[in-house]
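Below, each chain spelled out in residue letters.
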Amino acid sequence: MSATYPVSERNRVRRLHERGCHDHEAVHAILDAAMLCHIAYVIDGQPYCTPTAFWREGEHLYWHGSSASRMLRAQGPGLPVCLTVTHLDGLVLARSAFNHSVNYRSAMCFGTARFIDDLEEKVRALDAMIDRFYPGRNVTLRPTTAQELKATAVVGMTIEQASAKVRAKGVADDEEDLGLPIYAACFPVTQVIGPAEPCPHMPAEVSYPPGLAGYTPDRRLDELMTETSQMSYPKADD
Ligand SMILES: Cc1cc2nc3c(=O)[nH]c(=O)nc-3n(C[C@H](O)[C@H](O)[C@H](O)COP(=O)(O)OP(=O)(O)OC[C@H]3O[C@@H](n4cnc5c(N)ncnc54)[C@H](O)[C@@H]3O)c2cc1C
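Counting starts from 1 at the beginning of each chain's written sequence and moves along it residue by residue. Where totals are concerned, whole chains, interfaces and linings use all residues; where local detail is concerned, this predicted model gives features only for residues with pLDDT of at least 70, and gives and counts side-chain atom pairs only at 80 or more. Values reported for side chains reflect all heavy atoms of the structure, with hydrogen atoms and water molecules removed beforehand.

Caption draft 1: Expanded view of a nonpolar patch on the surface. On the surface, Leu-88, Leu-91, Val-102, Tyr-183 and Phe-187 cluster together to form a nonpolar patch covering roughly 470 Å² of accessible area. Helical segments are the DSSP runs of H or I of at least four residues, strand segments are the runs of E of at least two, and each set is numbered from the N terminus. Mapping Leu-88 onto the fold places it in strand β6 (residues 79-93). Patch membership is restricted to residues that have no salt bridge and whose relative accessible area is over 30%. Joining uses 9 Å for like charges and 5 Å for the nonpolar side chains Val, Leu, Ile, Met, Phe, Trp and Tyr. Only the protein chains shown count as covering a residue, and every accessible area follows the Shrake-Rupley method with a 1.4 Å probe. In what follows, salt bridge is the name for a side-chain nitrogen of Lys or Arg lying within 4 Å of a carboxyl oxygen of Asp or Glu.

Caption draft 2: Spotlight on the packing of aromatic side chains. The aromatic pairing rule takes the rings of Phe, Tyr and Trp, using the six-membered ring of Trp, and pairs them if the centres are within 6.5 Å, calling planes under 30 degrees apart stacked, those over 60 edge-to-face and the rest tilted. Taken as a whole and judged by the stated rule, the model has 4 aromatic pairs. Between Tyr-41 and Tyr-48 the ring centres are 5.7 Å apart and the planes differ by 15 degrees, which places this aromatic pair in the stacked class. A 1.4 Å probe rolled over the protein chains alone gives each residue an accessible area, and that area as a share of the maximum for its type sets the label: buried under 20%, exposed over 50%, partly exposed in between. Judged by relative accessible area, Tyr-41 falls into the buried class, the value being 4%. On the numbers, 5.5 Å between centres and 25 degrees between planes, the contact of Trp-55 with Tyr-62 is stacked. With relative accessibility at 0%, the residue Trp-55 sits in the buried group. Judged by relative accessible area, Tyr-62 falls into the buried class, the value being 6%. The structure contains a cluster of three or more aromatic residues connected by ring pairs, namely Phe-133, Tyr-134 and Tyr-215.

Caption draft 3: Focus on helix α5 (residues 221-232). For α5, built from 12 residues, the straight-helix expectation of 16 Å at 1.5 Å per residue is met to within 8% by its first-to-last C-alpha distance of 16 Å. Along its buried surface, α5 packs onto α1 (24-32), β6, β7 (101-115) and α3 (119-133). For a helix, the expected span equals 1.5 Å multiplied by the residue count minus one. Any two residues having at least one pair of non-hydrogen atoms within 4.5 Å are treated as being in contact.

Caption draft 4: Seen up close, the pattern of salt bridges. Applying the stated rule across the entire model yields 13 salt bridges. A salt bridge links Arg-105 to Asp-222; its shortest N-O distance comes to 2.8 Å. Separated by 117 residues along the polypeptide, Arg-105 in strand β7 and Asp-222 in helix α5 bring together distant segments of the chain. Accessibility expressed as a relative area gives 19% for Arg-105, which makes it buried. In the salt-bridge network here, residues are joined through shared partners; they are Asp-89, Arg-105, Arg-220, Asp-222 and Glu-223.

Caption draft 5: Local environment of the pairing of strand β3 (residues 46-53). Two strands pair under a simple rule: DSSP has to find at least two bridges between them. As paired elements, strand β2 (residues 36-43) and β3 share 8 bridges and run antiparallel to each other. When the sheet's bridge partners are listed, Ile-43 is paired in β3 with Gln-46. Turn length for the β2-β3 hairpin, with the two strands adjacent in sequence and antiparallel, is 2 residues, and the turn residue Asp-44 shows positive phi of about 50 degrees.

Caption draft 6: Region of the structure containing the site of the ligand. A molecule or strand has a residue near it when one of that residue's heavy atoms lies within 4 Å. Taken together, 15 residues surround the ligand, and among them Arg-10, Arg-14, Ser-106, Ser-163 and Lys-165 come closest. Between the ligand and the protein, one listed contact pairs an oxygen atom with a side-chain N or O atom of Ser-163 at 2.7 Å. At 2.7 Å from an oxygen atom of the ligand is found a side-chain nitrogen or oxygen belonging to Lys-165. Here the ligand has 870 Å² of accessible area as a free molecule, and 58% of this is covered by the chains. Looking at the shell around the ligand, the elements that each hand over two or more residues are β7 and β9 (161-167). Per-element accounting of the shell around the ligand gives the leading share, 5 residues, to β7. Residue type decides the class: Asp, Glu, Lys and Arg count as charged, Ala, Val, Leu, Ile, Met, Phe, Trp, Tyr, Cys and Pro as nonpolar, and the leftover types, Gly among them, as polar. When the residues that make up the shell around the ligand are grouped by side-chain class, the tally is 6 nonpolar, 4 polar and 5 charged. A 3.5 Å cut-off defines polar contacts: any pair of N or O atoms within that distance qualifies, except that in protein one atom must be a possible hydrogen donor and the other a possible acceptor, and neighbouring residues in sequence count only when both atoms are side-chain atoms.

Spatial relationships are all this shows, so hold off on functional conclusions.
Now the structure itself:
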């Protein structure tokens, strides 16, 4: 497998191209650090962009939802989609409005969405989703009923093309502005896990699951997602 996605006019990074790349490794790292994505698609000429949870297995991306979901019903038979992930890493305040910026890691993946129709594959995918976010949790759960399975649709796509774009630096002002008496700085931004709020209905004997050891207060979500992804798919499929 090539270490780089094929590049065409669809995914060639033109604007600030030095921030972009098409490496599998770079794209996968951005995807795996996230739980959420936005999926863009067009139905009858109308563009939609739907935020949802997703997960990656090798070159396959999956998402799920209600079988009644318009998004899934439209995508399932085979619809071109663009799935994006964004991590906001910093706010960059420069000495001019023009030079304000943000630090980020983002990925755009292109492919064709399709229903996972095969029942065995659908069950496997849904189990994999739970374990990808919460390692080892699936076997501890009440089994999914046939009705729940029927009410759930799983859609997947193979990444045909992709790109990654990253800004990771401080204030980039014009040389002649550096001496101006204007406050300039970068504010790092991170999303972190808060303390667990246990459900009050839980029987007293229930203990904290070992698979959730990484879910500690103040743990960075992107680092945790990367870790749980590697626990689920500790592999050579990249
Ligand atoms: C958090 C965040 C905030 C941003 N704020 C701004 C802003 O305020 N103004 C602004 O102009 N831009 C902003 N950007 C950058 C923006 O995402 C685009 O890269 C930029 O607007 C250029 O778009 P384009 O379609 O002209 O790029 P082009 O280079 O023409 O896009 C061509 C191809 O390059 C790839 N590509 C482009 N952008 C990205 C990306 N971000 N991630 C992965 N692949 C990409 C895609 O494959 C795309 O099809 C921001 C990005 C992020 C993540």
